[in-house]
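The primary structure of each chain is shown beneath.
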Amino acid sequence: MFVQLLITGCVLGSIYGLIALGYSLIYKASGLMSFVQGDVMTLGAYLGLTFYSILKLPFSLSLLLTIAVAFACGMGLEKFVIRKLLNKNVIPIYVVLATIAISYIIQNGVQLGWGTIALYFPSIFNVLSVKVFGISVQPEALMCVVVSLICMLLLHIFMTKTKIGTSMRAAAMDPMAAEACGIDVSLSTGITWGLSAGLAAVAGILIGPIYGVFSMLGATLGRKGFSGAVIGGYGNMYGAI
């Protein structure tokens, strides 16, 4: 029983960690709170279902396409909603309310597009279960943990070892000084929102085969991911992990 609970906890924890990373990235880059991560995760699950189950694409390609679409949505959200509000010098709470509104738009949008009934996400592997310490575990559950850890590692390398990642961290620390050094702060912030959306979409397509796909999938998980971000120190990526 303990091993079963431990594996389940690791699976859910890895999903919460990806969502929490998105929250922390946004706060670190712009100082803003966003409540749309959970519903972006739901959108990622539906996109993954469409690419993999309906269009019959390989899962790896479906994953990449889902991340790409979510990344574009995240950047679009920052450019056409968040940036527009910030340019009008509105108080930050209006931005938070805008993200809440967008989360409801996503919830209702997926219901219009895919229906209100929970959909089955087909198995990714040919085997139904594997043995881990004598316990039968769904292979998709193990994939959740492995892929989540890989995403966290790649994000760490991207943020600390690449020029774009360094520019993003500089823009988050002091936007005015970063602009003086020639860094496009607006682009850096947009990339951050895109990465956050991509991480949420990864969480969605990973959890889909385990729990199925439905419009409120991200609502509960998103709140728990937000709690994880707060416990780890809001804005602290490593605390979220």
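All values reported here derive from a predicted model rather than from experimental measurement.

### Looking at the overall build of the chain
Point 1. In terms of helices and strands, the chain carries 10 helices and 2 strands.
Point 2. Its helices and strands taken in sequence order, the chain reads α-α-α-α-β-β-α-α-α-α-α-α from the N to the C terminus.
Point 3. Taken against the 2.2 N^0.38 rule, which gives 18 Å for 241 residues, the C-alpha radius of gyration of the chain at 18 Å falls within 12% of a compact globule.
Point 4. Expressed as lengths along the three principal axes of its C-alpha atoms, the size of the chain is roughly 60 × 40 × 30 Å.
Point 5. Taken over 241 residues, the chain has a buried fraction of 48%.
Point 6. Pairs at least 24 residues apart make up 75% of the contacts formed inside the chain by residues separated by at least 6 positions.
Point 7. Within the structure as shown, the chain displays about 11700 Å² of accessible surface, and the carbon and sulfur contribution to it stands at 71%.

### Remarks on the packing of helix α5 (residues 139–161) against helix α6 (residues 163–173)
Point 1. The interhelical angle for the contact between α5 and α6, taken along N-to-C directions, is 75 degrees, at an axis separation of 5 Å. The orientation of α5 with respect to α6, classified from their angle, is roughly perpendicular. Contacts between α5 and α6 involve F158, M159, T160 and K161 from the first element and K163, I164, G165, T166, M168 and R169 from the second.

### Quick look at the nonpolar core
Point 1. Residues I15, M41 and L206 are the most contacted members of the largest nonpolar core, which totals 65 residues.
Point 2. When residues of this core are assigned to their parent elements, the largest contribution, 12 residues, is made by helix α1 (residues 2–30).
Point 3. Residues within four places of I15 in sequence aside, it is in contact with M41, C144, A203, L206 and I207.

### Some remarks on the packing of aromatic side chains
Point 1. If you walk through the whole model with that rule in mind, you get 7 aromatic pairs.
Point 2. Plain terms: the ring middles of Y23 and F226 are 5.4 Å apart, the flat faces sit at 80 degrees to each other, and that makes the pair edge-to-face. With Y23 in helix α1 and F226 in helix α9 (residues 217–231), this pair connects stretches of sequence that are 203 residues apart.
Point 3. Given a relative accessible area of 3%, Y23 falls into the buried group.
Point 4. For F226, a relative accessible area of 19% translates into the label buried.
Point 5. Where F35 meets F226, the ring centres are 5.2 Å apart and the plane angle is 45 degrees; that geometry is what we call tilted. Separated by 191 residues along the polypeptide, F35 in the loop between α1 and α2 (37–54) and F226 in helix α9 bring together distant segments of the chain.
Point 6. Three or more aromatic residues joined by ring pairs make a cluster, and in this case those are Y23, Y27, F35, F226 and Y234.

About the thresholds
- Residues numbered from 1 in each chain as written.
- Predicted model: local features only at pLDDT ≥ 70, side-chain atom pairs only at ≥ 80, totals over all residues.
- Heavy atoms only, no water.
- Helix = DSSP H or I, 4+ residues; strand = E, 2+ residues; numbered from the N terminus.
- Rg over C-alpha atoms; globule rule 2.2 N^0.38 Å.
- Buried < 20%, exposed > 50% of the residue type's maximum accessible area, 1.4 Å probe, protein only.
- Contact = heavy atoms within 4.5 Å.
- Areas by Shrake-Rupley, 256 points an atom, 1.4 Å probe, with all protein chains shown as cover.
- Axes fitted to C-alpha atoms, helices over the stretch in contact; angles between N-to-C directions.
- Parallel < 35°, antiparallel > 145°, perpendicular 65-115°, else oblique.
- Core = buried A, V, L, I, M, F, W, Y, C linked by side-chain atoms within 4.5 Å.
- Phe/Tyr/Trp six-rings, centres within 6.5 Å; stacked < 30°, edge-to-face > 60°.

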